[in-house]
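Fold and contact review
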Amino acid sequence: MKVLVTGATGNTGRHVVSGLRDAGVDVRVLVRDPAKAPEGTEAVVGDITDPAEAAEGVDAVYFVWPFYSAEGIDKAVKPFKDKKIAYVSSAAAEEGGFWGDVEEAVRNVTGDWTFLRITGLATNTLGWVGQAKTGKVRAPYGQAKRSLVHEKDVADMAIKAFTEDHARQIYLVTGPEALSQADQVRIIGEALGTPAKWEEQPIEEAITQLGEEFAKSALPYWASLVDDPEPVSLDVAKVTGHPARSFDDWARERFS
Ligand SMILES: NC(=O)c1ccc[n+]([C@@H]2O[C@H](COP(=O)([O-])OP(=O)(O)OC[C@H]3O[C@@H](n4cnc5c(N)ncnc54)[C@H](OP(=O)(O)O)[C@@H]3O)[C@@H](O)[C@H]2O)c1
C-alpha cells in the first residue's frame, strides 16, 4: 500500500508520516516546499487544491483541508476517486457548515472514507506560550472547557484507518477530559517551570486581537463552552487500543 500524506509538515501529518513508515507503509507527501518534505519520503511538490499529480498511483490519502471554506473542494478531491481517505474533520461537521460540505465531497468520490472529527488540537494553545513565560495569559473565556487532543492520537487514529478496516466510520477524536482554558494555562506553566495564570480579557480587546472574522465564530463558541463543555469521547481508546494522551502529558513533552 502507498499512502499520500497531505499536510505532512503540519502538527498531525508529521506523525502520520513517521507512524506509517514505522508500519512499513510506503509514503508519498504533497508539499508546497520540497525542502520541508520529511526525510525518507517521496515528495511531490504541489498545492492541496490541485493534487492530481500527487494522487497518481497511491491507494490511500491522509487528507487535510486547511481552509475555512469548502470552495474548490470538489476539484481537490476528484483525483482521490475510489481511494481510501482519512479526512481530518471537525466535531463542528455535526452541524454541517463547510466541514460538513468537505465531508460530503469526500463521500461523493469514495465509499472508503474515515472521518476523524476533532474537537480541538492541543497545539492550538501554542499561541499562549510566549505570554505564559511572562507569568500570565490574557485571553477570553478562561472557564471555557475544551477536550483538546494530542496530535499523536490523531495520527494513531489515521494509521489504524489505513491499516485496518474503518471504512464509513465517523470518529469523535478528543482528549481524555475537558479542561478549562485557565487550567490549560496553569498546566503549560507547570511544564515550563514558570507559574502561569489566566487573565480574563475583555471581549472588545479580544475582537481586536483575533480579528473580526475569526472572532465572529470563535467567541460565541468559547462562550458556550463555559456551561456546556466540549464532549469527551472514547473513540481514541477504542480504535488505537491506548487511552487518549492527556493535556498534561502533551505539555510536559513539549516544554519540560
Ligand atoms: N486545530 C484544530 O483544533 C482543528 C480542529 C478541527 C480540525 N482541524 C483540521 O486539522 C487539519 C490538520 O491540522 P494540523 O494541525 O495537523 O495542520 P497544521 O499544523 O495547521 O498544518 C497545515 C498543513 O497543511 C499544509 N498546507 C497548508 N496550505 C496548503 C496548501 N494550499 N497546499 C498544500 N498544503 C497546504 C501545510 O503545509 P506548509 O508546510 O506548506 O505550510 C501544513 O503541512 C487542519 O487543516 C484542520 O482542517 C484542526
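The name given to the protein chain in an unreviewed UniProt entry is NmrA family protein, and the organism recorded there is Amycolatopsis camponoti.

Regarding its fold elements, the protein chain presents 11 helices and 11 strands. In terms of overall size, the protein chain behaves like a compact globule, its C-alpha atoms giving a radius of gyration of 19 Å where 256 residues would be expected to give roughly 18 Å. Along the three orthogonal principal directions, the C-alpha set of the protein chain runs to about 50 × 35 × 35 Å. Here the protein chain, with 256 residues, has 48% of them falling under the buried criterion. The contacts in the protein chain between residues at least 6 apart in sequence include a share of 74% that link residues at least 24 apart. By element, 49% of the accessible surface of the protein chain is carried by carbon and sulfur atoms, the whole surface being about 12,100 Å². Side chains of the protein chain give 28 positive and 40 negative charges; the mean places of these two sets differ by 3 Å.

Here the focus is the site of the ligand. Inspection of the region around the ligand gives 22 residues, with Thr9, Thr12, Arg32, Lys36 and Asn124 positioned closest. Taking Asn11, its side chain carries an N or O atom lying 2.9 Å from an oxygen atom of the ligand. Within the side chain of Asn124, one N or O atom sits 2.8 Å away from an oxygen atom of the ligand. Of all the elements, strand S5 (residues 84-90) adds the most residues to the shell around the ligand, at three residues. Each residue belonging to the shell around the ligand can be placed in one class, and the counts come to 10 nonpolar, nine polar and three charged. Lining the shell around the ligand are residues from two domains, each supplying at least three of them: domain 1 (2-117) and domain 2 (119-150 + 174-231 + 245-256).

Tracing the sequence through the fold places Thr41 in the loop between strand S2 (26-31) and strand S3 (42-45). Separated by 2.5 Å, the side chain of Thr41 and the backbone oxygen of Pro38 make a polar contact. Excluding its chain neighbours within four sequence positions, the residues that come into contact with Thr41 are Val17, Arg21, Val27 and Val29.

A few words now on the UniProt feature "domain: NAD(P)-binding" (unreviewed entry) in the protein chain. Following the UniProt record, the feature "domain: NAD(P)-binding" (unreviewed entry) maps to residues 7-164 here. From the first C-alpha to the last, residues 7-164 spans 22 Å; its make-up is 31% helix and 21% strand.

Another aspect to go through is the pattern of salt bridges. All chains considered together, the criterion is met by 20 salt bridges. Its salt-bridge partner being Lys136, residue Glu199 comes within 3.4 Å of it at the nearest N-O pair. Placement of Glu199 in strand S11 (residues 197-200) and of Lys136 in strand S7 (residues 136-139) is noted, with a sequence separation of 63 residues between them. Taking relative accessible area as the criterion, Glu199 reaches 25% and is therefore assigned partly exposed. Close ionic contact of Arg186 with Asp183 constitutes a salt bridge, the shortest N to O distance being 3.4 Å. Here Arg186 and its partner Asp183 are both found in helix H7 (residues 181-192), three residues apart, which amounts to about one turn of the helix. With relative accessibility at 28%, the residue Asp183 sits in the partly exposed group. Where salt bridges share partners, they join Lys136, Arg138, Glu199 and Glu205 into one cluster.

Turning our attention to helix H1 (residues 13-22). Taken residue by residue, H1 has Gly13, Val16, Val17, Gly19 and Leu20 as its buried positions. Where H1 is buried, its residues contact strand S1 (2-6), S2, strand S4 (60-63) and helix H6 (151-163). The first or second residue beyond H1 is Gly24, which carries a positive phi of 80 degrees.

With that settled, consider the packing of aromatic side chains. Taken as a whole and assessed by the stated rule, the structure comprises 12 aromatic pairs. With a centroid separation of 6.0 Å and 90 degrees between ring planes, the pair formed by Tyr87 and Phe115 is classed as edge-to-face. Here Tyr87 is found in strand S5, whereas its partner Phe115 is found in strand S6 (residues 113-118), with 28 residues between them in sequence. Assigned by exposure class, Tyr87 and Phe115 land together as buried. Among the aromatic side chains, those forming a connected cluster through ring pairs are Phe63, Trp65, Phe67, Phe80, Tyr87, Trp113 and Phe115. The aromatic ring of Trp113 is capped on one face by Arg107, whose charged end is 4.9 Å from the ring centroid.

Parameters and conventions
- Residues numbered from 1 in each chain as written.
- Predicted model: local features only at pLDDT ≥ 70, side-chain atom pairs only at ≥ 80, totals over all residues.
- Heavy atoms only, no water.
- Helix = DSSP H or I, 4+ residues; strand = E, 2+ residues; numbered from the N terminus.
- Rg over C-alpha atoms; globule rule 2.2 N^0.38 Å.
- Buried < 20%, exposed > 50% of the residue type's maximum accessible area, 1.4 Å probe, protein only.
- Contact = heavy atoms within 4.5 Å.
- Areas by Shrake-Rupley, 256 points an atom, 1.4 Å probe, with all protein chains shown as cover.
- Lys, Arg positive; Asp, Glu negative; His and termini not counted.
- Charge placed at Lys NZ, Arg CZ, Asp CG, Glu CD.
- Near = heavy atom within 4 Å.
- Polar contact = N/O pair within 3.5 Å; in protein donor to acceptor, adjacent residues only side chain to side chain.
- Nonpolar A, V, L, I, M, F, W, Y, C, P; charged D, E, K, R; others polar.
- Domains from an automatic or database assignment.
- UniProt positions renumbered as here; feature names shortened; annotations may be inferred.
- Salt bridge = Lys/Arg side-chain N within 4 Å of Asp/Glu carboxyl O.
- Phe/Tyr/Trp six-rings, centres within 6.5 Å; stacked < 30°, edge-to-face > 60°.
- Lys NZ or Arg CZ within 6 Å of the ring centre and 35° of its normal.

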